Amino acid sequence: MRALIVVAVVGSTVHAQPSPDPPPPLPGPYPVIQLSREEAALLARGEISDGAHLGGSLASVVVGFGLGQAIQGRWGDDGWRFTVGEGVALVGMVAGTRVGFNDDIPTLFVGSLLVFLGIRLWDIHDAFVEPPGHNTRVRMLRAKFGNAPYVTHRVLPYMDNRERGTTAGLVIRF
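Residues numbered from 1 in each chain as written. Predicted model: local features only at pLDDT ≥ 70, side-chain atom pairs only at ≥ 80, totals over all residues. Heavy atoms only, no water.

**What to know about the overall build of the protein**
Helix and strand counts for the protein stand at six helices and two strands. Going residue by residue from the N terminus, the α and β elements of the protein occur as α-α-α-α-α-α-β-β. Split into buried and exposed, the 174 residues of the protein put 24% on the buried side. The long-range fraction of contacts in the protein, counting pairs at least 24 apart against all pairs at least 6 apart in sequence, stands at 53%. Counting every atom, the protein has about 13,000 Å² of accessible surface; 67% of that belongs to carbon and sulfur. (Helix = DSSP H or I, 4+ residues; strand = E, 2+ residues; numbered from the N terminus. Buried < 20%, exposed > 50% of the residue type's maximum accessible area, 1.4 Å probe, protein only. Contact = heavy atoms within 4.5 Å. Areas by Shrake-Rupley, 256 points an atom, 1.4 Å probe, with all protein chains shown as cover.)

Encoded structure:
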């Protein structure tokens, strides 16, 4: 019996270790950030790169039909409108050539051509103008929630001190 008591006492002292210090409390209250679905989607999408902006703009000029917005990653937002609009106008022009040229004024063809040109100009304008606005919204949202804004500079000054003098100029980043 004494052996059991000795084993129980020794066993309890061997396994009994002091508890570790609790972690220090976090400094200050942290704000709770609540994003709307649109803000979360905007942050998840991120910025449109310069290459996507240029490629999408060129594709919008050459091909149209929302391809520029697809290259920029915005087809689901805006590009589908141009795909549908230009497609319907093109169908109207084709139908106007079959029906309208028997009349004196090919009304369906001319109307569809004007609609097609209007949508194509809107498509080109959107591909050129919207990406910088999108990037500005992303940067402002990042700044709103405390993240450093992601700013890119395209033209940077530089100075280089050499033994014979100082050189100054501009660095242009593409």
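**Thoughts on the side chain of Asp-78**
Take Asp-78: it is sitting in helix α5 (residues 75-99). Look past the residues within four positions of Asp-78 in its chain and what remains in contact with it is Gln-69, Asp-126 and Glu-130.

**Looking at the packing of aromatic side chains**
Taken as a whole and assessed by the stated rule, the structure comprises two aromatic pairs. On the numbers, 6.1 Å between centres and 55 degrees between planes, the contact of Phe-65 with Phe-116 is tilted. Here Phe-116 lies in helix α6 (residues 107-144) and Phe-65 lies in the loop between α3 (50-62) and α4 (67-71), a separation of 51 residues in the sequence. Its relative accessible area of 29% is what places Phe-65 among the partly exposed residues. (Phe/Tyr/Trp six-rings, centres within 6.5 Å; stacked < 30°, edge-to-face > 60°.)

**Observations regarding the confidence of the model for the protein**
Residues of the protein with pLDDT of at least 70 account for 61%, and the chain-wide mean is 78. Taken element by element, the protein is modelled with least confidence in helix α1 (residues 2-15), mean pLDDT 51, and with most confidence in α4, mean pLDDT 95. (pLDDT = per-residue confidence, 0-100.)

**Let's talk about the environment of Ala-59**
By the secondary structure assignment, Ala-59 is in helix α3. Between the C-alpha atoms of Ala-59 and Ala-127, which are 68 residues apart in sequence, the distance is 8.9 Å. Residues contacting Ala-59, with those up to four places away along its chain left out, are Gly-64, Leu-67, Gly-68 and Ile-71.

**What about α6?**
Residues spaced three or four apart along an α-helix face the same direction, because each turn holds 3.6 residues. Helix length check: α6 (38 residues) gives 53 Å between terminal C-alpha atoms against 56 Å at 1.5 Å per residue, within 8%. The principal kink in α6, of about 35 degrees, is found at Glu-130, preceding the proline Pro-131 by one to four residues. (Expected span 1.5 Å × (residues − 1). Bend = angle between axes of the 7 residues up to and from the residue.)

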